[in-house]
Amino acid sequence: MNFREILKKCAAACGLTLAFTLLWVATIVAVSLCYGVATSEWATLVVMAFSGAGVLLVTPLLWRFAERRPVRELFAAGASPWRAFLVWGLAGVGLMAATIVLLMGLDGASIVGLSARPDLGIAFVAACLPMAFFEEVGFRGFLLGVWRRAAGTHTAVAVTALVFALFHCGNDGMTSVAFVNVFLAGVLLAILRIRAGLAAATAFHFGWNAAQSVAGFNVSGTGNPCLLLMEPSGQWWLNGGGFGVEGSVCAFITLGLAAAWISLRTRHDCALIPTDEA
């Protein structure tokens, strides 16, 4: 492939990234309007659970007609999707648990009680699954596939992780530490998608978000019902500030180690989804 062809493919990938961005912004605007008319906490949770409908409906159409690839490739889940979902879901919970333990060990937070509305906390945990799914379909399904076909795996992982982090810049409490952590999470999820399938990436994302929600932290700057009441202490870079534990240096340590471990562990493996089929 000559340089001109590479530029042409990258330009097309940029165009599709822009189209995806416009779709995502439209979804966020629609969800924000729904939040404005939601009459109860339960109504808000229902809106959150179905907020990815537009992305899930339109992204496969973009993939099919813009990339001219079979839709089944977008949702490639691996040989044992249910096993992958269980294993990597527990891995997401475990990594977040380790992050919280590290944070509490450094006196960055402490448990002060239990929630008065555990039913809402459980409902929010359930709502984390469709949210994780539509984010994975969009970022690690569609965008990762587009950029792998245009510029190769390493560039695709870096670009999609950067876009993923940039999309979180409008969240409450975003800081430089939080930005780097979201970028690392994007790298980790992209590697999971390539090596283990969409089910693994979705499960890890779900477990990570659900665990921090149960523990009483904001999820990427978004307040939510919880089961435990957690009181942060110390500097913002330690406890994550308004962004939640994902904005903490503790998350930087655990996400960095996890991304490095899975990168080294799978560096000689064959990708589940070859570049010409991503």
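On a predicted model such as this, the values are computed, not experimentally measured, just so you know.

A.B. asks: So what about the overall build of the protein chain? Which residues, and what values?
C.D. replies: Helix and strand counts for the protein chain come out as 11 helices and 2 strands. Helices and strands in the protein chain line up, N terminus first, as α-α-α-α-α-β-α-α-α-α-β-α-α. Here the protein chain holds 278 residues, and 45% of them are scored as buried. Taking the contacts inside the protein chain whose residues are at least 6 apart along the sequence as the reference set, 77% of them involve residues at least 24 apart. Of the roughly 13,200 Å² of accessible surface on the protein chain, 69% is carried by carbon and sulfur atoms.

A.B. asks: Let's hear about helix α11 (residues 249-265): which residues, and what values?
C.D. replies: Helix length check: α11, at 17 residues, gives a terminal C-alpha distance of 24 Å against a target of 24 Å (1.5 Å per residue), a fit within 8%. Burial in α11 covers these residues: Cys 250, Ala 251, Thr 254, Leu 255, Ala 258, Ala 259 and Ile 262. Projected onto a plane normal to the axis of α11, the buried residues spread over an arc of 150 degrees and lie on a single side. Structural note: α11 exposes Leu 257 and Leu 264 on the side pointing more than 90 degrees away from its buried face.

A.B. asks: Hey, could you go over the packing of helix α8 (residues 176-196) against α11 for me, with residue numbers and the actual values?
C.D. replies: Relative orientation of the contacting elements α8 and α11 amounts to 25 degrees, with a least axis distance of 9 Å. Regarding the angle of α8 to α11, the classification is roughly parallel. Regarding α8 and α11, the two cross each other, and that crossing is left-handed. Each of Val 177, Val 180, Asn 181, Leu 184, Ala 185, Leu 188, Ile 191 and Leu 192 in α8 lies in contact with α11, whose residues at this interface are Val 249, Ala 251, Phe 252, Leu 255, Gly 256, Ala 258, Ala 259, Ile 262 and Ser 263. Partitioned by chemical class, the residues of the contact of α8 with α11 number 14 nonpolar, 3 polar and no charged.

A.B. asks: Residues and numbers for the packing of aromatic side chains, please.
C.D. replies: Taken as a whole and judged by the stated rule, the model has 3 aromatic pairs. For the ring pair Phe 85 and Phe 206, a centre distance of 6.5 Å and an interplane angle of 25 degrees mean the geometry is stacked. Of the two residues, Phe 85 is situated in helix α5 (residues 81-105) and Phe 206 in helix α9 (residues 198-214); the sequence distance between them amounts to 121 residues. Relative to Phe 164, the ring of Phe 139 lies with its centre 5.0 Å away and its plane at 75 degrees, an arrangement referred to as edge-to-face. Linking Phe 139 in helix α6 (residues 118-151) with Phe 164 in helix α7 (residues 153-167), this pair joins segments that are 25 residues apart in sequence. Each of the two residues, Phe 139 as well as Phe 164, counts as buried. Pairwise contacts between aromatic rings join Phe 139, Phe 164 and Phe 167 into one cluster. Over the ring of Phe 164 we find Arg 140; its NZ or CZ atom is 4.2 Å from the centre of that ring.

A.B. asks: I'd like a description of a nonpolar patch on the surface, backed by residues and values.
C.D. replies: On the surface, Val 180, Phe 252, Ile 253 and Leu 257 cluster together to form a nonpolar patch covering roughly 360 Å² of accessible area. At 3 residues, α11 tops the list of elements feeding residues into the nonpolar patch. Here Phe 252 lies in helix α11. Under the relative-accessibility criterion, Phe 252 is labelled partly exposed at 41%.

A.B. asks: Account for the environment of Leu 114, naming residues and giving values.
C.D. replies: Within the element layout of this structure, Leu 114 appears in strand β1 (residues 109-114). Residue classification places Leu 114 among the exposed positions, given a relative accessible area of 65%. Spatially, the C-alpha atom of Leu 114 lies 8.5 Å from that of Cys 226, the residues being 112 residues apart in sequence. Sequence-distant contacts of Leu 114, that is, excluding residues within four places in its chain, are made with Leu 227, Leu 228 and Leu 229.

A.B. asks: Can you tell me about the pattern of salt bridges, naming the residues and giving the values?
C.D. replies: The full count for this structure, using the stated rule, is 1 salt bridge. Where Glu 136 meets Arg 140, a salt bridge forms, and the shortest distance between an N and an O atom there is 2.7 Å. Placement of the pair is Glu 136 and Arg 140 together in helix α6, with a separation of 4 residues, close to one helical turn. The exposure class of Glu 136 is buried, given its relative accessible area of 0%.

A.B. asks: Report on α7, specifying residues and quantitative values.
C.D. replies: When the terminal C-alpha atoms of α7 are compared, their 21 Å separation across 15 residues agrees well with the 21 Å that a helix rising 1.5 Å per residue should span. Looking only at α7, the buried set comprises Ala 156, Val 157, Thr 160, Ala 161, Val 163, Phe 164 and Ala 165.

A.B. asks: So what's going on with the packing of α7 against α8? Residues and values would help.
C.D. replies: Interaxial distance between α7 and α8 falls to 8 Å at its minimum, and their mutual angle equals 135 degrees. When the axis of α7 is compared with that of α8, the two are oblique. Two packed elements cross with a definite hand, and for α7 against α8 that hand is right-handed. Facing Thr 153, Val 157, Ala 158, Thr 160, Ala 161, Leu 162, Phe 164, Ala 165 and Leu 166 of α7, the residues of α8 in contact are Phe 179, Val 182, Phe 183, Gly 186, Val 187, Ala 190 and Ile 194. Partitioning the contact of α7 with α8 into residue classes produces 13 nonpolar, 3 polar and no charged.

Criteria and cut-off values
Residues numbered from 1 in each chain as written. Predicted model: local features only at pLDDT ≥ 70, side-chain atom pairs only at ≥ 80, totals over all residues. Heavy atoms only, no water. Helix = DSSP H or I, 4+ residues; strand = E, 2+ residues; numbered from the N terminus. Buried < 20%, exposed > 50% of the residue type's maximum accessible area, 1.4 Å probe, protein only. Contact = heavy atoms within 4.5 Å. Areas by Shrake-Rupley, 256 points an atom, 1.4 Å probe, with all protein chains shown as cover. Expected span 1.5 Å × (residues − 1). Arc of directions from axis to C-beta. Axes fitted to C-alpha atoms, helices over the stretch in contact; angles between N-to-C directions. Parallel < 35°, antiparallel > 145°, perpendicular 65-115°, else oblique. Left-handed = near helix turned anticlockwise from the far one by under 90°. Nonpolar A, V, L, I, M, F, W, Y, C, P; charged D, E, K, R; others polar. Phe/Tyr/Trp six-rings, centres within 6.5 Å; stacked < 30°, edge-to-face > 60°. Lys NZ or Arg CZ within 6 Å of the ring centre and 35° of its normal. Patch = residues over 30% accessible without salt bridge, like charges linked within 9 Å, V, L, I, M, F, W, Y side chains within 5 Å. Salt bridge = Lys/Arg side-chain N within 4 Å of Asp/Glu carboxyl O.

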